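Survey of secondary and tertiary structure
Listed here are the chains, written in short residue letters.
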Amino acid sequence: MAKDEINGEDLKPLTQIDRVIHEPARLLILAYLSVVESADFLFLMNQTALTRGNLSSHLSKLEAAGYIEIKKEFVEKIPRTLLRLNEEGRKAFQEYQSDMKQVLDSLSQ
Amino acid sequence: MISSVDMMKVEREIHLAVRRDGLSDICSGLMLGCMALFFLDFKYAGALIVGCSMQTIILPTCRRMITYPRVGYVKFRGRANMRQLIVWDFVVPLAVVGLIICVGIWMRWLLPVCTGVLLAGLALPGARITGYVLDYVLVGLFLLSGAAGQLMIWLGYAPGTATAFQFWALAAVLIPAGLAELIGFFHEHPSPAQETHGKG
């Protein structure tokens, strides 16, 4: 009976969900980057518990989508890969959050 | 799924990852230890500058050498605009120093309580961000130290001496606690070189 009460219009955002962000590992990466100004590769690897290759692959996808900026620099002759969520990424992440909230709210009704 | 991603929790996790190195406790203890000299005798005004340098120069340097190579580098969001930057990085520290000096001149008998409340007030926002139990214990400890210092005044000690002992007592708690945390941090995060060697 509960299924009958779900309005198709309420679930419309589900079809528009950003699939780049919807992947759990990428969602976690964006969640971490959204609360800091920038973080390096090692920090994200420790926090997300992803392997080096896995994290690198997800970061490439997020960079290709235009959500994050990857900057390579040297600090005291040690290479550092600095990652930052750009404005577009921040906006997309916020939209994703509100879309998902809308969908989940309509499902729980 | 997204509802389970509690952003506040994520922010706390990030702050805790850096905070658990114990360095901020050690540097706070050293800072208070230095500043105590100023309260003992105003001619040691330079101790205030040395004390402040523990937080502004020594702590970031230690973090760069010890913490970041192990847990990675993270830059927290800075002040949103120039006005906030001026207020929080210049006006607030100056107001704190000014308040301590004013209390030291006109209300000397309240110096330990005022410094205790002031330190607790400065530590509370940090505790609320990290949600770390030890940070809340620290806030309580600052308040308790103020009461203990006040008790010393009632027992006949000079306000400056009581405040100096209050700061040294805090340093005596903070530095060993920080060192214990730092040792735990080293065990949890071996140096990158050691890790590679171990795996090799």
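A word on the overall build of chain B. Helix and strand counts for chain B stand at eight helices and one strand. Listing the helices and strands of chain B from first to last along the sequence gives α-α-α-β-α-α-α-α-α. Across chain B, the fraction of contacts at a sequence separation of at least 24, relative to all contacts at a separation of at least 6, is 73%. Within the structure as shown, chain B displays about 11300 Å² of accessible surface, and the carbon and sulfur contribution to it stands at 71%.

Residues and elements named next belong to chain B. Axis separation between helix α2 (residues 23-40) and helix α7 (residues 159-188) bottoms out at 7 Å; the angle between their running directions is 165°. As the angle between them shows, α2 and α7 are arranged roughly antiparallel. The handedness of the crossing between α2 and α7 is left-handed. Along the lines of polarity and charge, the residues of the contact of α2 with α7 split into 18 nonpolar, seven polar and two charged.

Another point: the pairing of strand β2 (residues 68-75) of chain A. When β2 of chain A meets strand β3 (residues 78-85) of chain A, the two strands line up antiparallel, connected through eight bridges. Note on β3 of chain A: the bridge partner recorded for K71 of chain A is L82 of chain A.

Counting from both sides, the interface comprises 23 residues of chain B and, opposite them, 25 residues of chain A. Note on chain B versus chain A: buried area summed over both sides is about 2100 Å², and carbon and sulfur give 64% of it. Here chain B is connected to chain A by one salt bridge. Residues E37 of chain A and K75 of chain B are paired through a salt bridge, measuring 3.3 Å at the closest nitrogen-oxygen approach. Linking chain B with chain A are six residue pairs in polar contact (both at pLDDT 80 or more). Those elements that place two or more of their residues in the side of chain B that touches chain A are α1 (7-19), α3 (46-71) and β1 (74-76) of chain B. Broken down by element, the side of chain B that touches chain A gets its largest block of residues, seven residues, from α1 of chain B.

Time to look at helix α6 (residues 133-154) of chain B. All names here are of chain B. In this model, α6 (22 residues) spans 32 Å end to end at C-alpha, consistent with the 32 Å of a helix rising 1.5 Å per residue. Here the buried face of α6 lies against α1, α2, α5 (111-130) and α7. Once α6 finishes, G156 follows within two positions and takes phi at roughly 110°, a positive value.

All names here are of chain A. Of note, N86 is situated in the loop between β3 and α7 (87-108). In this structure N86 comes out as buried when scored by relative accessible area, which is 11%. One polar contact links the side chain of N86 to the main-chain carbonyl oxygen of G66, over a distance of 2.9 Å. Setting aside anything within four residues of it in sequence, one finds N86 in contact with G66, Y67, I68 and E69.

What follows is about the pairing of strand β1 (residues 36-40) of chain A. The element β1 of chain A is extensively covered by neighbouring structure, given that four of its five residues are classed as buried. One ladder, built from three bridges, connects β1 of chain A with β1 of chain B; its direction is antiparallel. If you follow S38 of chain A over to β1 of chain B, its bridge partner there is K75 of chain B. With two bridges joining them, β1 of chain A and β3 of chain A adopt antiparallel strand pairing. Looking at the pairing, A39 of chain A lines up with L83 of chain A of β3 of chain A.

Moving on, we come to the environment of L141 of chain B. Residue and element names in this part refer to chain B. The topology assignment puts L141 in helix α6. Among the residues examined, L141 registers a relative accessible area of 22% and is labelled partly exposed. As a C-alpha pair, L141 and L170 span 29 residues in sequence and 7.8 Å in three-dimensional space.

One open sheet holds the four strands; their spatial order is β2(A)-β3(A)-β1(A)-β1(B), and the pairing between them is antiparallel. Of all strands in the sheet, those bounded by a partner on one side alone are β2 of chain A together with β1 of chain B. Pairs of neighbouring strands in the sheet enclose a mean axial angle of 20°, with direction left out of account. The strands touched by helix α5 (residues 41-48) of chain A within the sheet are β1 and β3 of chain A together with β1 of chain B, with β1 of chain A carrying the most contacts at an inclination of about 95°.

Okay, the confidence of the model for chain A next. Summarising the model, chain A shows a mean pLDDT of 86, and 87% of its residues fall at 70 or more. The least confident element of chain A is helix α1 (residues 2-5) of chain A, whose mean pLDDT is 51; the most confident is helix α6 (residues 52-64) of chain A, at 95.

With a phi angle near 60°, A49 of chain A is a residue other than glycine that sits in the positive phi range. Its location among the elements puts A49 of chain A in the loop between α5 and α6.

Moving on, we come to the pattern of salt bridges. Residue and element names in this part refer to chain B. Within this structure, the stated rule accounts for eight salt bridges over all chains. Between R19 and D135 there is a salt bridge, with its nearest N and O atoms 2.4 Å apart. Highlighted residues: R19 in helix α1 and D135 in helix α6, separated in sequence by 116 residues. Accessibility classification places R19 together with D135 in one group, the buried group. Three or more residues are tied together by salt bridges with common partners; here these are R19, D25, D135 and E181.

Rules and cut-offs
Residues numbered from 1 in each chain as written. Chains lettered and ligands numbered in written order. Predicted model: local features only at pLDDT ≥ 70, side-chain atom pairs only at ≥ 80, totals over all residues. Heavy atoms only, no water. Helix = DSSP H or I, 4+ residues; strand = E, 2+ residues; numbered from the N terminus. Contact = heavy atoms within 4.5 Å. Areas by Shrake-Rupley, 256 points an atom, 1.4 Å probe, with all protein chains shown as cover. Axes fitted to C-alpha atoms, helices over the stretch in contact; angles between N-to-C directions. Parallel < 35°, antiparallel > 145°, perpendicular 65-115°, else oblique. Left-handed = near helix turned anticlockwise from the far one by under 90°. Nonpolar A, V, L, I, M, F, W, Y, C, P; charged D, E, K, R; others polar. Pairing = 2+ DSSP bridges. Buried area = accessible area lost by both parts, 1.4 Å probe. Salt bridge = Lys/Arg side-chain N within 4 Å of Asp/Glu carboxyl O. Polar contact = N/O pair within 3.5 Å; in protein donor to acceptor, adjacent residues only side chain to side chain. Expected span 1.5 Å × (residues − 1). Buried < 20%, exposed > 50% of the residue type's maximum accessible area, 1.4 Å probe, protein only. pLDDT = per-residue confidence, 0-100.

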